[in-house]
Amino acid sequence: MGNPSNPVRVDMLKGRPREFSSVGGYPIFYAREGAAHCPVCALEAEQAGDLMDTARVNWEDHELFCDNCSERVESAYGEPEADEPARSVDDSDRREERRQMGLTD
Ligand SMILES: [Zn+2]
(Lines give C-alpha, C1' and ligand atoms only; values in the text may rest on other atoms or scores of the structure.)
Protein backbone atom coordinates (compact mmCIF):
# COMPACT_ATOMS: atom_id res chain seq x y z
CA MET A 1 0.00 0.00 0.00
CA GLY A 2 1.80 3.01 -1.30
CA ASN A 3 5.44 3.74 -1.68
CA PRO A 4 6.50 6.76 0.37
CA SER A 5 9.66 7.16 -1.65
CA ASN A 6 7.59 7.66 -4.76
CA PRO A 7 4.92 10.24 -3.91
CA VAL A 8 2.17 11.16 -6.31
CA ARG A 9 1.09 14.58 -7.46
CA VAL A 10 -2.53 15.62 -7.33
CA ASP A 11 -4.01 15.36 -10.80
CA MET A 12 -5.29 18.73 -11.95
CA LEU A 13 -8.14 19.54 -14.31
CA LYS A 14 -8.65 23.13 -15.43
CA GLY A 15 -6.91 24.52 -12.39
CA ARG A 16 -8.80 22.38 -9.89
CA PRO A 17 -7.93 19.03 -8.34
CA ARG A 18 -9.51 16.33 -10.45
CA GLU A 19 -12.20 14.47 -8.50
CA PHE A 20 -13.02 11.78 -11.06
CA SER A 21 -10.72 9.63 -13.14
CA SER A 22 -10.26 10.66 -16.75
CA VAL A 23 -11.20 7.14 -17.88
CA GLY A 24 -14.57 5.96 -16.61
CA GLY A 25 -15.20 8.96 -14.36
CA TYR A 26 -14.56 7.07 -11.12
CA PRO A 27 -14.21 8.98 -7.84
CA ILE A 28 -10.58 9.57 -6.87
CA PHE A 29 -9.09 9.91 -3.43
CA TYR A 30 -5.57 10.17 -2.13
CA ALA A 31 -3.85 8.62 0.83
CA ARG A 32 -0.90 9.73 2.89
CA GLU A 33 0.47 7.76 5.83
CA GLY A 34 -2.74 5.73 5.93
CA ALA A 35 -5.03 8.76 6.00
CA ALA A 36 -7.55 9.32 3.23
CA HIS A 37 -7.64 12.73 1.58
CA CYS A 38 -10.26 14.10 -0.77
CA PRO A 39 -8.71 15.71 -3.86
CA VAL A 40 -9.11 19.22 -2.43
CA CYS A 41 -7.34 18.37 0.82
CA ALA A 42 -4.72 16.38 -1.07
CA LEU A 43 -3.90 19.48 -3.08
CA GLU A 44 -3.76 21.65 0.04
CA ALA A 45 -1.40 19.17 1.67
CA GLU A 46 0.72 19.02 -1.46
CA GLN A 47 0.98 22.80 -1.53
CA ALA A 48 2.08 22.66 2.09
CA GLY A 49 4.82 20.23 1.09
CA ASP A 50 3.13 16.99 2.15
CA LEU A 51 2.92 14.88 -0.98
CA MET A 52 0.42 12.04 -1.15
CA ASP A 53 1.62 8.42 -1.07
CA THR A 54 -1.03 7.05 -3.41
CA ALA A 55 -3.87 8.06 -5.68
CA ARG A 56 -6.75 5.61 -5.87
CA VAL A 57 -10.22 5.08 -7.18
CA ASN A 58 -12.82 4.51 -4.50
CA TRP A 59 -14.56 1.52 -6.02
CA GLU A 60 -17.12 0.56 -3.43
CA ASP A 61 -16.39 1.94 0.01
CA HIS A 62 -19.45 4.05 0.68
CA GLU A 63 -18.19 4.95 4.12
CA LEU A 64 -14.93 6.50 3.07
CA PHE A 65 -14.38 9.93 4.54
CA CYS A 66 -11.62 12.46 4.08
CA ASP A 67 -9.54 12.37 7.25
CA ASN A 68 -8.92 16.08 6.94
CA CYS A 69 -12.27 17.75 6.18
CA SER A 70 -14.59 14.77 6.87
CA GLU A 71 -16.22 15.06 3.45
CA ARG A 72 -17.45 11.72 2.19
CA VAL A 73 -15.59 10.38 -0.81
CA GLU A 74 -18.07 9.13 -3.37
CA SER A 75 -17.70 5.53 -4.46
CA ALA A 76 -17.99 4.03 -7.92
CA TYR A 77 -20.21 1.08 -7.00
CA GLY A 78 -20.96 1.28 -3.30
CA GLU A 79 -23.64 3.96 -3.25
CA PRO A 80 -26.46 2.37 -1.23
CA GLU A 81 -29.23 4.35 -2.93
CA ALA A 82 -27.95 3.56 -6.41
CA ASP A 83 -29.04 -0.08 -6.60
CA GLU A 84 -32.25 0.23 -4.60
CA PRO A 85 -35.30 0.48 -6.85
CA ALA A 86 -37.88 3.11 -6.10
CA ARG A 87 -40.17 1.57 -3.51
CA SER A 88 -43.40 3.18 -4.75
CA VAL A 89 -43.00 1.43 -8.11
CA ASP A 90 -42.57 -1.92 -6.36
CA ASP A 91 -45.67 -1.45 -4.25
CA SER A 92 -47.93 -0.47 -7.12
CA ASP A 93 -46.63 -3.40 -9.16
CA ARG A 94 -47.44 -5.76 -6.34
CA ARG A 95 -50.91 -4.28 -5.89
CA GLU A 96 -51.58 -4.64 -9.62
CA GLU A 97 -50.46 -8.25 -9.43
CA ARG A 98 -52.93 -8.95 -6.61
CA ARG A 99 -55.71 -7.26 -8.55
CA GLN A 100 -55.03 -9.45 -11.54
CA MET A 101 -55.18 -12.54 -9.34
CA GLY A 102 -58.56 -11.41 -8.02
CA LEU A 103 -57.28 -10.51 -4.58
CA THR A 104 -58.09 -7.31 -2.78
CA ASP A 105 -56.09 -5.41 -0.21
ZN1 LIG B 1 -10.94 16.77 2.45
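Residues numbered from 1 in each chain as written. Predicted model: local features only at pLDDT ≥ 70, side-chain atom pairs only at ≥ 80, totals over all residues.

Draft legend 1. Quick look at the environment of Ala-36. Here Ala-36 is to be found in strand 4 (residues 35–37). Measuring from C-alpha to C-alpha, the distance between Ala-36 and Ser-70 comes to 9.6 Å, with 34 residues separating the pair along the chain. Look past the residues within four positions of Ala-36 in its chain and what remains in contact with it is Phe-29, Ala-31, Leu-64, Phe-65, Cys-66, Asp-67 and Val-73. (Helix = DSSP H or I, 4+ residues; strand = E, 2+ residues; numbered from the N terminus. Contact = placed C-beta atoms within 7 Å.)

Draft legend 2. Spatial organisation of the nonpolar core. If you look at the biggest cluster of nonpolar residues, it comprises eleven residues: Val-10, Ile-28, Phe-29, Tyr-30, Cys-38, Cys-41, Ala-42, Leu-43, Met-52, Ala-55 and Val-73. Sorting the residues of this core by element identifies strand 3 (28–32) and helix 1 (39–47) as the ones contributing at least two each. Among residues more than four places away in sequence, those in contact with Ala-55 are Val-8, Asp-11, Ile-28 and Tyr-30. (Core = buried A, V, L, I, M, F, W, Y, C linked by C-beta atoms within 7 Å. Buried ≥ 20, exposed ≤ 12 C-beta atoms within 10 Å, placed from the backbone.)

Draft legend 3. Representation of the sheet that holds strand 3 in the model. Pairing is antiparallel in the open sheet, where three strands are placed in the order 4-3-5. The sheet is open, and its two borders are formed by strand 4 and strand 5 (54–57), each paired with just one other strand. Strand-to-strand twist across the sheet, computed as the mean angle between neighbouring axes with direction ignored, equals 35°. (Pairing = 2+ DSSP bridges. Axes fitted to C-alpha atoms, helices over the stretch in contact; angles between N-to-C directions.)

In short, shape yes, function no, at least from these values alone.
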